[in-house]
Amino acid sequence: MLCKVCKKKIKPFLSFGKMPMANGFLSKKEFNKEFFYKLEVGFCKSDFLFQVNDHPKSPHIFNNHYPFYTNKSKYMTAHFKKYFDWTKKYLRKDSKIIEIGSNDGTFLKNFKGANYVHLGIEPSKNVANYSKKINKINVKNEFFSFKNSKKLNNFKNKTDLICAANVISHIPNLNDMIKGLSILLSKKGVFVFEEPYLGSMFKKVSYDQIYDAHIFIFSLHSVNSIFKKFGFELINALPQTTHGGSMRYVICRKGERKISKNLKRLLKIELKQKLNRLSSCINFKKACYKSRNNFRKKILNLKRDDKKIVGYAASAKSSTVLNFCKINNKQIDFIADSTKEKIGKFTPGTHIPVVSIKHFRESKPDYTILCSWNHRREIFKKEKLYLKKGGKWISHVKV
Ligand code: SAH
C-alpha cells in the first residue's frame, strides 16, 4: 500500500479481515449482493500517519441516504455550542466561516444565529436538505475539494475560519483538501478540526474507530507533518472527550500566529507514548487480537447460558467490532436505534435486525452491547429504567 499523503510504500501491519461498508445497512433481498473488502491498516513512518489501505470510493458512502444526524445526540449538540463559543477568539463580526461536512447543520446553526456569513459543504443530500430546511443554513451539496473550492468566489482568501468535526478522516485525498483550504483561508485565517485521537484509540483499544470511512486516525505528529508540506503550521491542539477521546487541531499559515506552549507539551507526551513509531502500532495490533478473543468468549458464554443479548445504537463503528469478532444474528437478537434510515434494515455483514428504541424497552434483554460506547453517558441517562430492572450493559472497551 502507498501512504495517501507522501505516496511512499508502506506495509500493512494489521488486518481486520473481510468487512462490509460500515454504514451499509441493507434489506434481506440485498444480502447476496453485499459488498466486502479487506480492512487493512498501515503506518507511514515519514508522515507518522495511521491509515486504512485502499478503501472503496467515497461516493458510494456519502449519498442520498447518509444514516447519521449529529442532532441525535444532545451531548454532541451541546459540544458544538461550546466549540462555537471557543472559535469566537478567531472571529470578527464580519468574518466568513465555512464548515466542511456540515451534516444536519447542528454546528453551523450557532454561527447563523450570531449572523456570521457562513457556508456548509455537505455531500450527503438528505442531511444537507435537512440543514437547509430545518436550520435555515447556507449549504452546498457537494464534496469539499480543491476543484469545488475554486468556485467559491465570495470566500476566496477571505475565510477567517474553516472548521470541521469528524470528517477530515473521511477525506482520502488530504493533499487536495489542503490545497482547497489554502485558496479559501484569509491571511490570518485558521483551520480547526476535531477527530478521534490516535493516543486515545491506543489507550482504550477502541479499534472500532477504524472502518471504511475512517481512513485516518490522526495524532499531533501526523497533522504537523502533513500540513507543513503546504505552508501551514499546527499552532495548538486541545484534547476533547467526544467520540471516546478526540483532539481539536488549530492550523494557520506558517508564521502568522504564535505556536502555543500547550502544543509543545502535548507533542512531548506523544513522543513518550511513541505515537510517532510503528512499534506502538504493533502493540495496538496485539491488543486488538486480545480484545477480540475476550469479547467473543464473553458473548459466546452468555449465549451458552441462554441469555438474551441485544445491541444499542447501530453505529458505523460497531460494524468493525461485530464483523471482526464474528458476532452476528446467531448471538444478537437485534440492535435498537433511533435513525429512521436504519430501522427495518439489517446490520452490514452480520445481518442483525435493526429495531426501534421502543422495541428495546419492551423486550427486556438480559445483556445489551453498547454499540456506541462513546455515547454511553447519554444512553445510560436515557435508559435508566433498563439498568434498574436488572439489565446489563456490555462493551468491547472498558467503560
Ligand atoms: N460534523 C458532523 C458530521 C460528521 S459525519 C459531526 O461531527 O457530527 C461526516 C459528515 O461529513 C457527513 O455528513 C458526510 O456526508 C460529510 N462528508 C464526507 N466526505 C466529505 C467531504 N469530502 N467534504 C465534505 N463533507 C464530507
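The coordinates are above.
Please read these numbers as outputs of a predicted model, since none were measured by experiment. (Residues numbered from 1 in each chain as written. Predicted model: local features only at pLDDT ≥ 70, side-chain atom pairs only at ≥ 80, totals over all residues. Heavy atoms only, no water.)

### Looking at the site of the ligand
Where we set the bar: Here a residue is considered near a molecule or strand provided that any single heavy atom belonging to it is located within 4 Å of it. The term polar contact refers here to a pair of N or O atoms within 3.5 Å; inside protein, the definition further demands a hydrogen-donor-capable atom paired with an acceptor-capable atom, and it admits residues adjacent in sequence only when both atoms are side-chain atoms. For every accessible area listed, the method is Shrake-Rupley and the probe measures 1.4 Å; residues are considered covered only by the protein chains on display. Each residue is assigned to one class: nonpolar for Ala, Val, Leu, Ile, Met, Phe, Trp, Tyr, Cys and Pro, charged for Asp, Glu, Lys and Arg, and polar for all the others, Gly among them.
Around the ligand sit 20 residues, and of these Thr70, Glu122, Ser124, Ala165 and Asn166 come closest. Phe144 is positioned with one of its backbone polar atoms (N or O) 2.9 Å from a nitrogen atom of the ligand. Coverage of the ligand by the protein chains reaches 97% of its 570 Å² of free accessible surface. Each residue belonging to the shell around the ligand can be placed in one class, and the counts come to 12 nonpolar, 6 polar and 2 charged.

### A look at the nonpolar core
Heads up, the condition is: In plain words, nonpolar cores are sets of buried Ala, Val, Leu, Ile, Met, Phe, Trp, Tyr and Cys residues tied together by side-chain atoms within 4.5 Å. Exposed residues in this analysis have more than 50% of their type's maximum accessible area, buried residues have under 20%, and partly exposed residues fall in between, with area computed by a 1.4 Å probe over protein chains only. What counts as a helix is a DSSP run of H or I of at least four residues, what counts as a strand is a run of E of at least two, and both are numbered from the N terminus. Whether two residues are in contact is decided by their heavy atoms, any of which lying within 4.5 Å being enough.
Core analysis: the biggest nonpolar cluster contains 84 residues, and Phe50, Ile168, Phe191, Ile210 and Phe227 have the highest contact counts within it. Tallying contributions element by element places helix α9 (residues 278–304) first for this core, with 6 residues. Excluding residues within four positions of it along the chain, Ile210 makes contact with Phe16, Leu39, Val41, Phe50, Val52, Met201, Ile217, Phe284 and Thr320. Of all hydrophobic cores here, the second largest spans 23 residues; its members include Phe80, Phe84, Ile137 and Ala165.

### Notes on the environment of Leu271
Within the secondary structure, Leu271 is located in helix α8 (residues 261–272). Distance in space between the C-alpha atoms of Leu271 and His221 is 8.8 Å, their sequence separation being 50 residues. Sequence-distant contacts of Leu271, defined by excluding residues within four places in its chain, comprise His221 and Asn276.

### Some details on a positive patch on the surface
Condition: To count toward a patch, a residue needs a relative accessible area over 30% and no salt bridge; like charges are then connected within 9 Å, while nonpolar side chains (Val, Leu, Ile, Met, Phe, Trp, Tyr) are connected within 5 Å. Salt-bridge detection follows one rule: a side-chain nitrogen of Lys or Arg within 4 Å of a carboxyl oxygen of Asp or Glu. We score Asp and Glu as negative and Lys and Arg as positive, and we do not count His or the chain ends. The location of each charge is read from NZ of Lys, CZ of Arg, CG of Asp or CD of Glu.
Together, Lys72, Lys74, Lys381, Lys382, Lys384 and Lys388 make up a region of like positive charge exposed at the surface. By the secondary structure assignment, Lys72 is in the loop between β3 (49–52) and α1 (74–87).

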